[in-house]
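Structure assessment
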Amino acid sequence: MAEQDFSKKEKNYHADIPQKSEAFYLKGSNGYDWGMRNRLARIFNPKSGKTVMLAFDHGYFQGPTTGLERVDVTIRPLIPYADALMLTRGVLRSMIEPSVTNSVVMRASGGPSILKELSNEQIAVDMEDALRMNVSAVAVQVFIGGEYETQSVHNMTRLVDRGMRYGIPVLGVTAVGKDLVRDVRYISLATRILAELGAAIVKTYHVPGFEQVAAACPVPIVIAGGKKLPEREALQMARDAINQGASGVDMGRNIFQSDSPVAMIGAVRKVVHDSSSVKEAYQYYEEMKNRK
Ligand code: R5P
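Described in the following lines is the structure provided in the data block. In this text, all values refer to a predicted model and were calculated from it rather than measured experimentally. Residue positions are given per chain, counting from 1 as you read along its sequence in written order. Whole-chain, interface and lining totals are the exception, using all residues; otherwise, since this is a predicted model, local features are given only for residues with pLDDT of at least 70 and side-chain atom pairs are given and counted only at 80 or more. Note that water and hydrogens are dropped before the side-chain values are worked out from all heavy atoms of the structure.

Think of a ball as big as a water molecule: rolled over the atoms, this probe shows where empty space is left. We place a 1 Å grid over just the protein atoms. Points where a 1.4 Å probe fits but has no way out form a cavity, open points with protein on both sides within 12 Å along at least 5 of 7 lines form a pocket, and any residue with an atom within 4 Å of a point lines it. Grid points are joined across faces, edges and corners, and a volume is the space filled by probe spheres set on the points. Quantified by volume, the largest pocket comes out at close to 1100 Å³. Lining the largest pocket are 39 residues, with F61, L118, V176, R182 and Y205 sitting closest to its centre. Here the lining of the largest pocket is built from residues that sort into 14 nonpolar, 12 polar and 13 charged. Approximately 250 Å³ is the volume found for the second largest pocket. As for the second largest pocket, its lining consists of R42, L92, R93, I96, E97, P98, V100, T101, N102, V104, M133 and N134. In this classification, the charged set is Asp, Glu, Lys and Arg, the nonpolar set is Ala, Val, Leu, Ile, Met, Phe, Trp, Tyr, Cys and Pro, and all remaining amino acids, among them Gly, are polar. Across the lining of the second largest pocket, the residue classes break down as six nonpolar, three polar and three charged.

Encoded structure:
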């Protein structure tokens with residue numbers, strides 16, 4: 001039986017304190033339901049409003065990518081430094097401890113390998129299974145201008161509809177086909193289309209003129225790292241992207257293919273979350289790399 005409130009302490013309704021009703025801190029995300037915003041808050045640190053996502057889903061179309069031959073050996077040490085893990089369900093279930101507290105961004109599209117037409121993807125994860133894995137978002141590749149453009153857009157919009165039912169945000173990834181120019185005009189076109197069609201987060205590449213891309217995209221943008229660069233250059237790219245309006249990075253090869261992946265992800269965190277300069281972050285990288 002429920003107990004009655006026999007407390008002798010006088011009730012205090014704090015009637016002089018107005019109830020706070022603050023806007024959600026992420027751009028374009030104020031209209032979502034609580035569950036969706038809570039998942040976004042697990043990806044984007046509420047203090048900085050930014051994220052360091054560690055991307056290691058490359059195997060879904062290119063097999064054992066350099067640095068990912070043994071995820072259990074090479075990625076596990078990086079996990080404590082990432083806000084979110086971007087990966088496939090196969091790797092999550094087989095190699096990631098369920099005790100991790102990072103948010104999970106689940107790769108949910110796929111189909112063709114590097115041997116075939118990459119834009120011919122389909123939805124690869126059911127939303128019910130995404131819920132079972134307690135993901136914070138699902139990710140889908142969208143090939144604007146690609147051979148299967150409409151199909152890949154449809155993959156995203158179906159995931160958005162299903163995600164809205166359960167409060168799961170969709171990360172739309174702008175995939176650049178081999179025949180498409182990766183410039184500000186193309187990236188602005190692709191990112192805006194993904195946001196207009198319901199992506200809660202957009203992932204794209206950093207290009208000269210990125211401030212225009214970020215300004216025209218009504219939802220948070222995270223940048224992919226792309227091919228491995230010298231560490232200082234990768235940190236410069238992250239610094240520029242954040243200064244120009246990115247809400248974080250979703251970086252893979254520039255971290256796990258680094259000479260010192262732990263030092264590199266720490267340095268990336270300094271840029272993204274601590275407003276460190278490239279000089280400071282690179283100095284941190286060097287110090288950590290040389291630490292025995
Ligand atoms: C690419 O399609 C994969 O989804 C990767 O997650 C993405 O490219 C980010 O990784 P990277 O920083 O290595 O480009």
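Our focus in this paragraph is the packing of aromatic side chains. For Phe, Tyr and Trp, rings pair up if their centres lie within 6.5 Å, where Trp contributes its six-membered ring, and each pair is then called stacked (planes under 30 degrees apart), edge-to-face (over 60) or tilted (otherwise). According to the stated counting rule, one finds three aromatic pairs in the structure shown. Summarising the aromatic geometry, the rings of F24 and Y25 are spaced 4.7 Å apart at their centres and angled 45° between planes, so their arrangement reads as tilted. A residue is classified by how much of its surface remains accessible, and F24, at 16% relative accessible area, is buried. Classification of Y25 by relative accessible area gives partly exposed; the value is 33%. With a centroid separation of 5.0 Å and 65° between ring planes, the pair formed by Y60 and F61 is classed as edge-to-face. Put simply, a charge is over a ring when the Lys NZ or the Arg CZ is close to the ring centre, within 6 Å, and near the line of the ring normal, within 35 degrees. Over the ring of Y205 we find R182, and its NZ or CZ is 3.8 Å from the ring centre. A 1.4 Å probe rolled over the protein chains alone gives each residue an accessible area, and that area as a share of the maximum for its type sets the label: buried under 20%, exposed over 50%, partly exposed in between.

A word on a nonpolar patch on the surface. Patches were defined on residues exceeding 30% relative accessible area and lacking a salt bridge, with like-charge contacts within 9 Å and nonpolar side-chain contacts (Val, Leu, Ile, Met, Phe, Trp, Tyr) within 5 Å. Throughout, the Shrake-Rupley method with a 1.4 Å probe supplies accessible areas, and for residues the shown protein chains are the sole cover considered. A pair is scored as a salt bridge if a Lys or Arg side-chain nitrogen falls within 4 Å of a carboxyl oxygen belonging to Asp or Glu. Where nonpolar side chains cluster on the molecular surface, the patch consists of I114, L115 and L118 and spans about 310 Å² of accessible area. Secondary structure elements follow DSSP: runs of H or I no shorter than four residues count as helices, runs of E no shorter than two count as strands, and numbering proceeds from the N terminus. The residue L118 is located in the loop between strand 4 (109-110) and strand 5 (122-123) in this model. A relative accessible area of 31% means that L118 is categorised as partly exposed.

A few words on the site of the ligand. Whether a residue is near a molecule or strand depends on its heavy atoms: it is near if one of them lies within 4 Å of it. By nearness alone, 13 residues border the ligand, and D57, H58, R107, G252 and R253 come closest of all. Pairing of N or O atoms within 3.5 Å defines a polar contact, subject to two protein rules: one partner must be a possible hydrogen donor and the other a possible acceptor, and residues neighboring in sequence count only if both atoms are side-chain atoms. In the environment of the ligand, an oxygen atom lies 3.0 Å from a nitrogen or oxygen atom belonging to the side chain of K203. Contact between the ligand and G226: an oxygen atom at 2.9 Å from a main-chain N or O atom of the residue. When isolated, the ligand has an accessible area of 360 Å², and the protein chains bury 96% of it. Put simply, the ligand lies in the largest pocket. Per-class residue counts for the shell around the ligand are three nonpolar, five polar and five charged. Each molecule is assigned to a cavity or pocket provided more than half of its atoms lie within 2 Å of the corresponding grid points.

For E231, the position within the fold is in helix 9 (residues 231-243). Of note is the side chain of E231, whose polar atom sits 3.3 Å from the side chain of K228. In what follows, residue pairs with any heavy atoms lying within 4.5 Å of each other are defined as contacts. With near-sequence residues (within four places) excluded, E231 lies in contact with S258, D259, M264, Y282 and Y285.

Geometry only, nothing functional implied.
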